[in-house]
Amino acid sequence: YDFVLLYFINMLLLVVTLFAYLTTAEEPLCRLQGSSHLPFFSKDGDIIIGAIFLFHGLQNTRNAFQTKPEPPLCKGLNLREFQFAETMIFAIEEINNRTDLLPGIILGYKIYDACSSIHLAISAAMALMNGPESETSSKKSCSKTSVHAIIGLSGSSQTIGVATAIRSFHVPLISYVATCACLSNKQEYPTFFRTISSDYYQSRALAQLIKYFGWTWVGTIRSDNDYGNLGMATFIEAVQQVGVCIEYSEAIYRSNPREKFIKTVRVIKESSSKVIVAFLSLLDMEVLLKELLLQNVTGLQWIGSEGWISARIFATDEIYKILGGAIGFAIGNAVIPGLKEYLLNVRPSNDPQNAGLNEFWESTFSCTLNSNSQTFSNYCTGSENLREIKNEYTDVSEFRIPGNVYEAVYAIAYSFHNMFNCKQGQEPFANRTCPNRTHIEPWQVRLQYLKGVNFTTSYGESIYFDANGDPAARYELVNWQSSEEGIKFVTIGVYDASLLEGQQFIMNNVNIIYAGNQNKVPKSLCSENCQPGTRKAARKGQPLCCFDCIACADDSLDCLSCPLEYKSNEKRTKCILKEIEFLSFGEIMGLLLTIFSLLGACLTIGIAVIFFHFKDTPVVRANNSELSFLLLISLTLCFLCSLTFIGQPSEWSCMLRHTAFGITFVLCISCVLAKTIVVLMAFRATLPGSNIMKWFGPTQQRLSVCVFAMPQILICTLWLILAPPFPNRNMKSFKEKVIFECSLGSPLAFMAVLGYIGFLAIICFVLAFLARKLPDNFNEAKFITFSMLIFCAVWITFIPSYISSPGKYTVAVEIFAILASSFGLLFCIFAPKCFIILFKPEQNTKKHLMSKTPVK
């Protein structure tokens, strides 16, 4: 326990000591690491605004890693960046001359050059943070900065580097042209703002543009940096959602060897797509255009990002051969009063301390302002006039990006103005105090006032920042057109992300010129649209936009299906009505079945007439003439009921055909069964002492027929009441035609009807078979046996034939079974009798009929 107590006391003393040291220690002093970095332009003031521009390019050097690397060398002059810097100075001077904005406050500036290098951009940012002091130590605290806000840069990659480096200092960074959507991430870049829209919106606007013109097969080229890679990734994701395929995607960068650009141009020339989406920065596009000019690549439809689509440097007749008809989204043009005159009137004599302006002047007029300079031999006279020079700096026809620089300066000025106008009761800070005008912290500008900026410029543009530090996304859709005045960027539409979904993309009623000076929208398809009657078949290993067109199959899911009552024509180009099929009286099969039906009915009636004429003869009387006439009437109805199966089905014909068939056939079999029983009873009555015939006389015979027929009548009645047959258009059995048929309504009832007929027929057959050899000279049982044999054979073969027969042939099979069984009954039972009556009258005697034939 003593050891634990001692350990606890020592730890407590250590904590108290550290706390006392930390609370009494002074802030660490700053010391410049490395060489000093002087600004390109500078001016003192009460508030200093820093800026970083890319005034020069970067000289490519190789490091052998054997000695300390030399400082990077800058080369060339970027005149556009000089114009941006002078626009910033113009805005600051304009604010200093105003009495309503920051009265009594002088704005100064420090403008550095990053030479298109990320690490030089970060170095410039550090110089803005700490100042250019070269002493080894300073009394300046490391937590203090020499500027309150920074404007820059022209590249997204450089801007990302600077934003990452300065976020710990809480200094706002406002970019005028860095569009990478990644910079909207407030977790990563909490101090970043911009006066240009994010590529998040531009990429989606480009996707909508591709969809608007109906292009489904495009190539893409991007800058191999954060701007191009992230912007193109968003574009591809958005465009693929609307069914557009990417044939190729090339990445280039200005410092790539020429072989890389040659390869990219070769891909363009060998591709089949006629539309190229170029998400490129100005410098990368410039290098690519040089190679396209050398290889004379023309006739392609270029779709451009804001990085190059409105660059006046490309507006030449030579480049127009390649980019003529190009379409893309550009930053809105700003009409800034007084800026044009200011840019064309700048002179080194106005500000001799700014070495950057001296270099610009010497480079522009090829003269020297310094007697020690060895670059040019002649001296500048001082009378040089910028209005006589045509270059990127003096091109003041449009102020798209300069307008963003101008707005960035004013956004900073308004944030300070609002901060200085803090009133009691409106304190934004935790201690409920307004900021000190002589001691302004950069975080106060960013956290409280810059995010709340909302003002309107002198040319009517409303400026404010959303939660991500971005302005409202709005682009002009421009089209490269040639006219007598030269090449113009004609505004053909706008994209405004603040509008409702579906209304953001608005086209003006302006004629559009496409590649090759054509007025017609060019096609860019991997495969032509399939003609009607064909469907798409994907090509293996290729995008979905590449396919072959093959004839539509009946079960194809890729083709448009016709409605159920329609079918495709032979060329499969349109839907036509299907043929309606049913067994009609007009076709040959229907006509033949009608003839046989009527022939059977006529023969039956003829036999009935013969029987009636010879009703008193022994043959007719011996075979129960009453049952014979009832049987003949039933057979006549059987022949005639087959006619109800022919013709277009209707509600009444469907109910009649099946029920009439069932009842008439049961009536026939009932009569035959009664006749068979009579034969058996007659034989039993001849036996000694038998008196059976008195129990089965004419009344009992008629009653037996009714009893046998009654169950069938009951079945048919219930069938008609509960689930009657009905006409139906069968569209499933055949794809090419509609079968107009009678649906059974209740298949169980139909089976019951057939089953009961079959049951009576089997009983009749068994009884007739047993009585076939009774010792009568004229035994009717043998004819009944044969007729029942034919009847059963017909209906047994009917069942599989009925099930397997298609369409109208199902009805024909049923009619054939009715006629065949009816003719079987008619001929087997009545033909022998008619033969005796008509041709063997000598056998039509009582003596002949009463004679016995011995049983063999």
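Source: prediction; values computed, not measured.

A look at the overall build of the protein chain
Counting its regular elements, the protein chain contains 22 helices and 25 strands. Taking as baseline every contact in the protein chain between residues at least 6 positions apart, the subset at least 24 positions apart corresponds to 69%. Total accessible area on the protein chain stands at roughly 43400 Å², and carbon and sulfur atoms take up 58% of it.

Overview of the layout of surface pockets
If you add up the space inside the largest pocket, you get close to 1100 Å³. Listed by contribution, the elements that provide at least two residues to the lining of the largest pocket are strand E3 (57-58), helix H2 (79-96), helix H4 (156-166) and helix H8 (282-294). At five residues, the largest contribution of residues to the lining of the largest pocket is made by H8. Residues belonging to the lining of the largest pocket are distributed by class as follows: 14 nonpolar, 20 polar and eight charged.

Considering the state of the cysteines
One pass over the structure, following the stated rule, counts seven disulfides. The partner cysteine of Cys530 in its disulfide is Cys549, sulfur to sulfur 2.1 Å. In this structure, the disulfide formed by Cys530 and Cys549 twists by about -90° around the S-S bond and is classed as left-handed. Residue Cys530 is found in the loop between strand E18 (505-507) and strand E19 (534-538), and its partner Cys549 is found in strand E20 (residues 547-551); the two are separated by 19 residues along the sequence. Taking the relative accessible area as the measure of exposure, Cys549 reaches 36% and is therefore partly exposed. Cys654 shares a disulfide with Cys742; S-S distance 1.9 Å. Since a negative S-S torsion denotes a left-handed disulfide, the Cys654-Cys742 link at about -80° is left-handed. Residue Cys654 is located in helix H17 (residues 651-685), and its partner Cys742 is located in strand E25 (residues 737-743); the two are separated by 88 residues in the primary sequence. You can call Cys742 buried: its relative accessible area is 12%. With no disulfide of its own, Cys668 has Cys638 as its nearest cysteine by sulfur position, at a separation of 3.5 Å.

Considerations on the packing of aromatic side chains
Applying the stated criterion across every chain yields a total of 41 aromatic pairs. For the pair Phe329 and Phe505, a centre-to-centre distance of 6.2 Å together with 65° between the ring planes defines the contact as edge-to-face. Placement of Phe329 in strand E13 (residues 327-331) and of Phe505 in strand E18 is noted, with a sequence separation of 176 residues between them. Judged by its relative accessible area of 16%, Phe505 falls in the buried class.

Observations regarding the pairing of strand E10 (residues 245-252)
Among the eight residues in E10, six count as buried, and that is most of the element. Taken together, strand E9 (residues 217-223), helix H6 (residues 226-240) and E10 constitute a β-α-β crossover, and its handedness is right-handed.

Side note on the environment of Gly325
Within the fold, Gly325 resides in the loop between helix H9 (317-323) and E13. We classify Gly325 as buried; its relative accessible area is 0%. As a C-alpha pair, Gly325 and Asn517 span 192 residues in sequence and 6.5 Å in three-dimensional space. The contact partners of Gly325, leaving out residues within four places of it in the chain, are Gln301, Tyr320, Asn479, Trp480, Ile513, Tyr514 and Ala515.

Examining empty space enclosed by the protein
Under the defined criterion, the tally for this structure stands at one cavity of 30 Å³ or more. Its boundaries defined by the atoms lining it, the largest cavity holds a volume of some 280 Å³. Lining the largest cavity are 16 residues, with Arg80, Gln83, Ser310, Ala311 and Arg312 positioned closest to its centre. Taken together, the residues of the lining of the largest cavity break down into six nonpolar, three polar and seven charged.

Some points on the nonpolar core
Core analysis: the biggest nonpolar cluster contains 68 residues, and Phe41, Phe53, Met88, Leu102, Ile111 and Ile151 have the highest contact counts within it. Where this core is concerned, the elements lending two or more residues are strand E2 (47-53), H2, strand E5 (107-113), strand E6 (149-151), helix H10 (339-345), helix H11 (355-365), helix H12 (400-420) and helix H13 (442-450). Among residues more than four places away in sequence, those in contact with Phe41 are Phe55, Phe82, Ala85, Glu86, Ile89, Tyr109, Lys110, Ile111, Asn354, Gly356 and Leu357. Judged by nonpolar contacts, the second largest core, of 66 residues, contains Leu583, Ile607, Ile677 and Ala709.

A word on the side chain of Asn404
Looking at the secondary structure, you find Asn404 in helix H12. A distance of 3.0 Å separates a polar side-chain atom of Asn404 from the backbone oxygen of Tyr176. Not counting residues up to four positions away in its chain, the partners in contact with Asn404 are Tyr176, Thr195, Ile196 and Ile331.

Some points on the sheet that holds E6
Read from one edge of the open sheet, six strands run E1-E5-E2-E6-E7-E8, paired in mixed fashion. Of all strands in the sheet, those bounded by a partner on one side alone are strand E1 (41-43) and strand E8 (192-194). Strand-to-strand twist in this sheet, taken as the mean axis angle between neighbours without regard to direction, amounts to 25°. Where E2 and E5 come together, seven bridges link them in parallel fashion. Counted as the bridge partner of Phe53 is Asp113 from E5. Most of the contacts of helix H3 (residues 118-130) go to E2, to which it runs at about 170°, and overall it touches E2, E5 and E6. Sheet strands in contact with H4 are E2, E6, strand E7 (173-175) and E8, and its direction is about 165° off that of E7.

Some points on the pairing of E2
Judged by how many residues are buried, E2 sits mostly within the fold: seven of seven residues are covered. Burial along E2 is two-sided: the residues Ile47, Ile49, Ala51 and Phe53 and Ile48, Gly50 and Ile52 are all buried. Across three bridges, E2 lies against E6 in parallel orientation. Looking at E6, one finds that Gly50 is bridged to Ile150.

As for helix H14 (residues 588-613)
For H14, spanning 26 residues, the distance from its first C-alpha to its last is 37 Å, which sits close to the expected 38 Å at 1.5 Å a residue. Turning to H14, its buried residues number three or more, namely Gly590, Leu593, Thr594, Ser597, Gly600, Ala601, Thr604, Ile607 and Phe611.

Some details on H11
Because an α-helix packs 3.6 residues into every turn, residues spaced three or four apart end up facing the same way. Within the span of H11, buried status applies to Gly356, Leu357, Phe360, Trp361, Glu362, Thr364 and Phe365. Where the residues of H11 are buried, they touch E1 and H2. Among the residues trailing H11, Ser366 stands out with phi positive, at a value near 55°.

Section: the sheet that holds strand E23 (residues 579-581)
Taking strand neighbours across the sheet as the criterion, the three strands line up as E23-E25-E24 in an open arrangement whose pairing is mixed. Two strands bound the open sheet, and with one partner strand each, they are E23 and strand E24 (726-730). Each strand axis lies, on average, 25° off the axis of its neighbour in the sheet, ignoring direction. As defined by bridge partners, E23 adjoins E25 across three bridges and the pair is classed as parallel. In the strand pairing of E25, Ile580 is matched with Val738.

Overview of the packing of H2 against H12
Where H2 contacts H12, the axes come no closer than 9 Å and their chain directions differ by 35°. H12 is crossed by H2, and the crossing has right-handed handedness. Between H2, through Arg80, Gln83, Phe84, Thr87, Met88, Phe90, Ala91, Ile92, Glu94 and Ile95, and H12, the contact on the second element is made entirely by Ile401, Pro402, Val405, Tyr406, Val409, Tyr410 and Ala413. Its residues assigned to classes, the contact of H2 with H12 comprises 13 nonpolar, two polar and two charged.

Thoughts on a nonpolar patch on the surface
A cluster of nonpolar side chains, Ile588, Leu591, Leu592, Ile595, Phe596, Leu599, Leu603 and Phe827, forms an exposed patch at the surface whose accessible area comes to about 750 Å². With seven residues, H14 is the single largest residue contributor to the nonpolar patch. Note on placement: Leu599 falls in helix H14. By relative accessible area, which is 41% here, Leu599 ends up partly exposed.

Parameters at a glance
Residues numbered from 1 in each chain as written. Predicted model: local features only at pLDDT ≥ 70, side-chain atom pairs only at ≥ 80, totals over all residues. Heavy atoms only, no water. Helix = DSSP H or I, 4+ residues; strand = E, 2+ residues; numbered from the N terminus. Contact = heavy atoms within 4.5 Å. Areas by Shrake-Rupley, 256 points an atom, 1.4 Å probe, with all protein chains shown as cover. 1 Å grid on protein atoms, 1.4 Å probe; cavity = no way out; pocket = protein on both sides within 12 Å on 5 of 7 lines; lining within 4 Å. Points joined across faces, edges and corners; volume = space filled by probe spheres on them. Nonpolar A, V, L, I, M, F, W, Y, C, P; charged D, E, K, R; others polar. Disulfide = S-S within 2.5 Å. Buried < 20%, exposed > 50% of the residue type's maximum accessible area, 1.4 Å probe, protein only. Phe/Tyr/Trp six-rings, centres within 6.5 Å; stacked < 30°, edge-to-face > 60°. Right-handed = clockwise from strand over helix to strand, strands pointing away. Core = buried A, V, L, I, M, F, W, Y, C linked by side-chain atoms within 4.5 Å. Polar contact = N/O pair within 3.5 Å; in protein donor to acceptor, adjacent residues only side chain to side chain. Pairing = 2+ DSSP bridges. Axes fitted to C-alpha atoms, helices over the stretch in contact; angles between N-to-C directions. Expected span 1.5 Å × (residues − 1). Left-handed = near helix turned anticlockwise from the far one by under 90°. Patch = residues over 30% accessible without salt bridge, like charges linked within 9 Å, V, L, I, M, F, W, Y side chains within 5 Å. Salt bridge = Lys/Arg side-chain N within 4 Å of Asp/Glu carboxyl O.

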